[in-house]
Amino acid sequence: MTTYFYFDFKDANKQQVSSLLASFVAQLSAKSNACYNILSALYSEYDGGSQRPSDEALMDCFVNMLKVEGQPIIYIIIDAVDECPNSAGVVRPRGRVLQIVEKLVGLQLGNVRICTTSRPEADIRASLGPLASHTVSLHEQEGQMKHI
């Protein structure tokens with residue numbers, strides 16, 4: 001199974017942690033009855049959808065889905081992390097995304113693979129660099145430079 005989210009600098013809704021989590025939960029629930037049941041329980045807990053779940057509730061739901069026994073390999077792709085705002089605030093949106101990736105890696109689930117893409121920004125490299133089992137840099141590649 002694959003889940004994918006693209007942070008889009010042109011769309012404010014696609015720059016939010018809640019959008020990332022809601023998208024992943026929706027994608028997994030569409031591909032697995034067990035994940036659907038987990039989402040259905042969350043939906044019921046929030047008055048049949050009349051209340052919006054917190055990011056923490058969405059994260060718990062997502063983690064519960066990832067922990068379902070017997071799931072195939074789940075690929076989590078988070079594209080363009082650098083396009084998630086790094087603006088001032090108590091917790092910056094990009095910082096929250098990086099915390100989510102750190103938490104997912106820390107779960108050490110054997111069936112979960114995580115791929116993130118980003119420009120090589122210092123905060124992202126500092127957070128994700130130590131977690132990576134593999135890295136590929138296209139930043140200095142001639143084709144990439146021509147494209148930019």
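See the structure above.
Note that this is a predicted model, so its numbers are computed, not measured.

Topic: helix H1 (residues 17–31)
Then, in step 1: Its 15 residues give H1 an end-to-end C-alpha distance of 22 Å, which sits within 8% of 21 Å, the value for a rise of 1.5 Å per residue.
Then, in step 2: Listed in full, the buried residues belonging to H1 are Val17, Ser18, Leu20, Leu21, Ser23, Phe24, Val25, Gln27, Leu28 and Ser29.

Points about the layout of surface pockets
Then, in step 1: Size it by volume and the second largest pocket reaches roughly 190 Å³.
Then, in step 2: What lines the second largest pocket is a set of 11 residues, and nearest its centre among them are Asp55, Glu56, Met59, Gln99 and Ile100.
Then, in step 3: Of all elements in the fold, only H1, helix H3 (55–66) and helix H4 (93–106) reach the threshold of two or more residues within the lining of the second largest pocket.

Side note on the environment of Glu69
Then, in step 1: The residue Glu69 is located in the loop between H3 and strand S2 (74–79) in this model.
Then, in step 2: With 35 residues separating them in the primary sequence, Glu69 and Ala34 have C-alpha atoms 9.2 Å apart.

Focus: the sheet that holds strand S1 (residues 2–6)
Then, in step 1: With parallel pairing, the three strands of this open sheet are ordered in space as S1-S2-S3. Single-partner strands in this sheet number two, and they are S1 and strand S3 (112–116). Going from strand to strand, the sheet's axes swing by 10 degrees on average, the running direction of each strand aside.
Then, in step 2: Pairing geometry for S2 and S3, over five bridges, is parallel. From the neighbouring strand, Ile76 faces S3, where its bridge partner is Ile114.
Then, in step 3: Contacts between H1 and the sheet are confined to S1 and S2, with S1 contributing the most and set at about 155 degrees to the helix.
Then, in step 4: Along the sheet face, H4 touches S2 and S3 and points at about 155 degrees away from the line of S3.

As for the packing of H1 against helix H2 (residues 33–45)
Then, in step 1: Viewed as axis vectors pointing N to C, H1 and H2 meet at an angle of 130 degrees, and their least axial separation amounts to 5 Å. Between H1 and H2, the angle is such that the two are oblique. Of the two possible hands of crossing, H1 and H2 adopt the one that is left-handed. Contacts from Val25, Leu28, Ser29 and Lys31 of H1 reach H2 at Asn33, Cys35, Tyr36 and Leu39.
Then, in step 2: Among the residues making up the contact of H1 with H2, the classes are represented as five nonpolar, two polar and one charged.

What about the pairing of S1?
Here is the key point about a regular strand: its side chains alternate between the two faces of the sheet.
Then, in step 1: Only one face of S1 is covered, namely the face carrying Thr3 and Phe5; the face carrying Thr2, Tyr4 and Tyr6 is uncovered.
Then, in step 2: Direction of pairing for S1 relative to S2: parallel, over a ladder of five bridges. Bridged to Thr2 within S2 is Tyr75.

Re the packing of aromatic side chains
Then, in step 1: Scanning the entire structure with this criterion turns up two aromatic pairs.
Then, in step 2: Between the aromatic rings of Phe5 and Phe7, the centroid separation amounts to 4.9 Å while the plane-to-plane angle is 75 degrees, which identifies the pairing as edge-to-face. Take Phe5 and Phe7: they sit in the same class, and that class is buried.

About the criteria used
Residues numbered from 1 in each chain as written. Predicted model: local features only at pLDDT ≥ 70, side-chain atom pairs only at ≥ 80, totals over all residues. Heavy atoms only, no water. Helix = DSSP H or I, 4+ residues; strand = E, 2+ residues; numbered from the N terminus. Expected span 1.5 Å × (residues − 1). Buried < 20%, exposed > 50% of the residue type's maximum accessible area, 1.4 Å probe, protein only. 1 Å grid on protein atoms, 1.4 Å probe; cavity = no way out; pocket = protein on both sides within 12 Å on 5 of 7 lines; lining within 4 Å. Points joined across faces, edges and corners; volume = space filled by probe spheres on them. Pairing = 2+ DSSP bridges. Axes fitted to C-alpha atoms, helices over the stretch in contact; angles between N-to-C directions. Contact = heavy atoms within 4.5 Å. Parallel < 35°, antiparallel > 145°, perpendicular 65-115°, else oblique. Left-handed = near helix turned anticlockwise from the far one by under 90°. Nonpolar A, V, L, I, M, F, W, Y, C, P; charged D, E, K, R; others polar. Phe/Tyr/Trp six-rings, centres within 6.5 Å; stacked < 30°, edge-to-face > 60°.

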